[in-house]
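For reference, the chains in residue letters:
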Amino acid sequence: MIWDLRSGDADDNRTSPYGTGWKSLIFSNVLEFSYLKAALAFLILIVIPALLVGIAPSIVLTYSRHTLVTAASVGRNPTLFVFLVLAALLLLPLWTGRRFVSIALDNYWHLHYTLVFPIFVALREIFRVVSERLPGAYTQERIHRRRRAATVFAALLLGGAGLALAMSVELSVGLKIVDAERVAPWAVARAALGNAAMVFGFSTAITSAFWLWRELSVSEPVLDWPHPLEPAASRFRVAHLSDLHVVGGRYGYRMETGTHGPQGNKCVFDALERLAAIHASSPLHRVLVTGDITDAGIRAEWAEFIDLIGQFPELRSRMSLVPGNHDINIVDRTNTARPDLPWSASKALRKLRFVFALDQIQGDRAHLIDRKSGSLGLSLSDYLRDGERPKLLRALAEYGSLRGTLEIVKVWEAIFPLVEPPSGEHGCGVILLDSNAPSNLALTNAIGVISPTQLRALRSVLNGSPQAAWLVLLHHQVVEYPVLGISLSDRIGLALMNGPDLLAAIAPHAGRTVILHGHRHVDWVGITGETVVCSAPSVTLGMERYRGRFSIHEFAVSSAGKVELTANQRVKISESIPLPHDFERIWPGEAA
Ligand SMILES: [Fe+2]
Ligand SMILES: [Fe+2]
């Protein structure tokens, strides 16, 4: 035999730097990149929202002028007709204004999360890397102080740049108001973009000040867990697995490692088998999987996962999942240069597959939060079967219907955070967050953000249950590990942009809340302020010292909801998951 096809080929290495090397990966990306699609996406994601934000002041001012003119004519000519017109002019904004304001605000936040926030995170991390390289003996507190100083510097620089932009637009052209009565499209577009630049300049300055305040006010040092943990029985036992990266078949390879990494899903099966044995001898209350369940969110991978866990019904009935970037943000597993358009059916299908898996595994246990009252709402399975919804979702699954695509966007926004309430005394409830930033290309697929709507709902769950203990699950890491030498690409490309917002929401409830995440493929338990943070390694990928492992945590939960980490067992699944040597990066924890 010249070549054994079962051991993979060049196609399996197309997305892995270990197969083809970085240079050829970049070269093929430049060639494969669809510039037409990128231009369209730029227009839809950046230019149109900017136009909407920029044109809003003109519409508001022109409308107010009309209302004033009508009001003045009421004084001169008080007929019933003019009174009615005035009443309509005053009532109309109250009626339709909320919708208009909410569209403008959505576009504004969308632009901030797409443009401004990533720039802030990139600047902050560059300064942090520089600050950590300055000479000096390092303790974890010292790393923390240097990182804070770098944050201050980044916020001041970005805020200053925002002010400079706003001032320069005002000084050169002034605040351009477009006359809505005599519309000339190009003039409107130019003026709207000018307005948008000014709005963004000022708002960047203001939000930089906010981020600075946020990071300084909630940022406690991030420390390794201080004491050794002893095994203890009869506590709340939780298995924490992450980043399974399930592939579509027994000969499949993973995007990150190509043929240099594990093939098929035997490693995942081994992990579940090991976990089932642990559960049989010492029962677990929950099995938590913090995202990247599949390698690229394709149907065959989900089918494999459902089949795998079907063999372990005891684990499945306790399992909770959150979505990772590999589950919903990988546009094409064989071509990292391919961008996605916002209305793409395959993007909608990736979300749909995750929702179907959630429904199958925990649909009856997980509840939505009622957005109005902030209390526990319908179960996921009832919500998904409400009215026309099943028909629309089935149409999306069957033939990628546009109505189904629009429906899954609504569903996705409505369901997170999902809540599994605590069962019985001395138990923890589980809150599931979606921490994936919207992404349309490979470069930004792994960046995270938690939407303001989710943060609001999270706060109302925590405030509304003062006696309950909660495990908060998300895919992205909330705080950077307290070690030196973490690569800039990991710090920026894998960051949860608004980690401090999540910490601020949890801080008032820190003694009864534990955060669990995956994503970085690193095994770490630590603490920031009073909040315990558990980072799970990957069952299949990552550095030699972490991969092929999962954790069992034990928590003591008091009747007042106080939760304490009492024990932790790291389980190594197998000795033989192969990965290339150059995959190892230096983990300079020992240097700290
Ligand atoms: Fe992962
Ligand atoms: Fe990830």
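These numbers were taken from a predicted model, which means no experiment stands behind them.

Draft legend 1. A look at helix 14 (residues 402-415). Taking 1.5 Å of rise per residue, 14 residues should cover 20 Å, and helix 14 covers 20 Å from first to last C-alpha, within 8% of that figure. Among all positions of helix 14, only Gly 404, Thr 405, Glu 407, Ile 408, Val 411, Trp 412 and Ile 415 are buried. Down the axis, helix 14 shows its buried residues gathered within 160° of arc, on one side only. Along helix 14, the residues that are exposed and aim more than 90 degrees away from the buried face are Leu 402, Leu 406, Lys 410 and Glu 413. In this fold, the buried residues of helix 14 make contact with helix 10 (325-328), helix 11 (345-362), strand 5 (367-369), helix 12 (380-384), helix 13 (389-399) and strand 7 (418-420). Residue Ser 401 occupies the N-cap position of helix 14, its side-chain oxygen lying 2.9 Å from the main-chain nitrogen of Gly 404.

Draft legend 2. Just the coordination of the iron ion (ligand 1), in detail. For the iron ion (ligand 1), the protein coordination sphere consists of Asp 243 (OD), His 245 (NE2), Asp 292 (OD) and His 521 (NE2), at 2.0 to 2.3 Å. For the iron ion (ligand 1), the four donor atoms in the first shell make angles of 86 to 165° at the metal, a pattern classed as irregular. Each donor residue of the iron ion (ligand 1) belongs to the same chain, and together they define the spacing D-x1-H-x46-D-x228-H. A separation of 3.5 Å is found between the iron ion (ligand 1) and the iron ion (ligand 2), which share Asp 292 as a coordinating residue. Residue Asp 243 is located in the loop between strand 2 (236-241) and helix 7 (266-281), and its partner His 521 is located in the loop between strand 10 (513-517) and strand 11 (524-528); the two are separated by 278 residues in the primary sequence. In this structure His 521 comes out as buried when scored by relative accessible area, which is 7%.

Draft legend 3. Molecular detail of the coordination of the iron ion (ligand 2). For the iron ion (ligand 2), the full set of protein donor atoms is Asp 292 (OD), Asn 325 (OD1), His 475 (NE2) and His 519 (ND1), at a range of 2.2 to 2.3 Å. In primary sequence terms, the donor set of the iron ion (ligand 2) follows D-x32-N-x149-H-x43-H. We classify Asp 292 as buried; its relative accessible area is 2%.

Draft legend 4. Spatial organisation of unusual backbone geometry. The linkage connecting Phe 416 with the following residue, Pro 417, adopts the cis geometry, with an omega of 0°. Turning to its location among the elements, Pro 417 is positioned in the loop between helix 14 and strand 7. In this structure, His 519 takes a positive phi of about 80° despite not being glycine. Within the secondary structure layout, His 519 lies in the loop between strand 10 and strand 11. Backbone geometry at His 521 places phi at a positive 60°, although glycine is not the residue there.

Draft legend 5. Up close: the packing of helix 11 against helix 13. Across the interface, helix 11 lies against helix 13 with an axial gap of 10 Å and an inter-helix angle of 125°. Classified by the interaxial angle, the pair formed by helix 11 and helix 13 is oblique. Seen along the crossing, helix 11 lies across helix 13 with a hand that is left-handed. Judged by residue contacts, Ala 348, Leu 349, Leu 352 and Phe 356 of helix 11 engage Leu 393, Leu 396 and Ala 397 from helix 13. Each residue belonging to the contact of helix 11 with helix 13 can be placed in one class, and the counts come to seven nonpolar, no polar and no charged.

Draft legend 6. Broad picture of the nonpolar core. Core analysis: the largest hydrophobic core is formed by 71 residues, its most contacted members being Phe 305, Ile 415 and Leu 471. Top contributing element to this core by residue count: helix 11, with eight residues. What Leu 471 contacts, discounting residues up to four positions off in sequence, is Phe 236, Val 238, Leu 288, Cys 428, Gly 429, Val 430, Ile 431, Val 514, Leu 516 and Phe 555. Grouped together as the second largest cluster of nonpolar side chains are 31 residues, Val 483, Ile 515, Val 522 and Tyr 546 included.

Draft legend 7. The arrangement of the packing of aromatic side chains in detail. Applying the stated criterion across every chain, the model contains 11 aromatic pairs. Consider the rings of Phe 269 and Phe 312, whose centres lie 5.5 Å apart with planes at 50°: the pair is tilted. Of this pair, Phe 269 sits in helix 7 while Phe 312 is found in the loop between helix 8 (299-310) and helix 9 (313-316), placing the two residues 43 residues apart along the sequence. A residue is classified by how much of its surface remains accessible, and Phe 269, at 25% relative accessible area, is partly exposed. Judged by centre distance (5.7 Å) and plane angle (75°), the ring pair of Trp 302 and Phe 354 falls under edge-to-face. Highlighted residues: Trp 302 in helix 8 and Phe 354 in helix 11, separated in sequence by 52 residues. According to the relative accessible area criterion, Phe 354 is buried, its value standing at 0%. In textbook terms, an aromatic cluster arises when at least three aromatic residues are bridged by ring pairs, as seen for Trp 302, Phe 305, Phe 354, Trp 412 and Phe 416.

Draft legend 8. Local environment of the confidence of the model for the protein. With 87% of its residues at a pLDDT of 70 or more, the protein has an overall mean of 83. Across the protein, element-level confidence peaks in strand 4 (residues 319-321) with a mean pLDDT of 97 and bottoms out in helix 1 (residues 17-20) with 72. A low-confidence stretch, residues 579-592 (pLDDT under 50), is modelled with 34 contacts involving residues beyond four sequence positions or located in other chains.

Draft legend 9. Expanded view of the environment of His 144. Mapped onto the fold, His 144 is located in helix 5 (residues 140-172). Accessibility expressed as a relative area gives 13% for His 144, which makes it buried. Here the alpha-carbon distance between His 144 and Glu 132, two residues 12 residues apart in the chain, equals 9.7 Å.

Draft legend 10. Molecular detail of the environment of Ile 298. Mapping Ile 298 onto the fold places it in the loop between strand 3 (286-289) and helix 8. For Ile 298 and Gly 248, which are 50 residues apart along the polypeptide, the C-alpha to C-alpha distance reads 7.7 Å. Leaving out residues up to four positions away in the same chain, Ile 298 has contacts with Arg 333 and Arg 353.

Draft legend 11. Spotlight on the packing of helix 13 against helix 14. Running from N to C, helix 13 and helix 14 point in directions that differ by 120°, and their axes come no closer than 8 Å. Classified by chirality, the crossing of helix 14 by helix 13 is left-handed. Each of Arg 389, Leu 392, Leu 393 and Leu 396 in helix 13 lies in contact with helix 14, whose residues at this interface are Arg 403, Gly 404, Thr 405, Glu 407, Ile 408 and Val 411. When the residues that make up the contact of helix 13 with helix 14 are grouped by side-chain class, the tally is five nonpolar, two polar and three charged.

Each value, and the rule that gives it
Residues numbered from 1 in each chain as written. Chains lettered and ligands numbered in written order. Predicted model: local features only at pLDDT ≥ 70, side-chain atom pairs only at ≥ 80, totals over all residues. Heavy atoms only, no water. Helix = DSSP H or I, 4+ residues; strand = E, 2+ residues; numbered from the N terminus. Expected span 1.5 Å × (residues − 1). Buried < 20%, exposed > 50% of the residue type's maximum accessible area, 1.4 Å probe, protein only. Arc of directions from axis to C-beta. Contact = heavy atoms within 4.5 Å. Polar contact = N/O pair within 3.5 Å; in protein donor to acceptor, adjacent residues only side chain to side chain. Donors = N, O, S within 2.8 Å, 3.2 Å for Na, K, Ca; no water. Tetrahedral: all angles 85-135°; square planar, octahedral: opposite > 155°, others 65-115°. Axes fitted to C-alpha atoms, helices over the stretch in contact; angles between N-to-C directions. Parallel < 35°, antiparallel > 145°, perpendicular 65-115°, else oblique. Left-handed = near helix turned anticlockwise from the far one by under 90°. Nonpolar A, V, L, I, M, F, W, Y, C, P; charged D, E, K, R; others polar. Core = buried A, V, L, I, M, F, W, Y, C linked by side-chain atoms within 4.5 Å. Phe/Tyr/Trp six-rings, centres within 6.5 Å; stacked < 30°, edge-to-face > 60°. pLDDT = per-residue confidence, 0-100.

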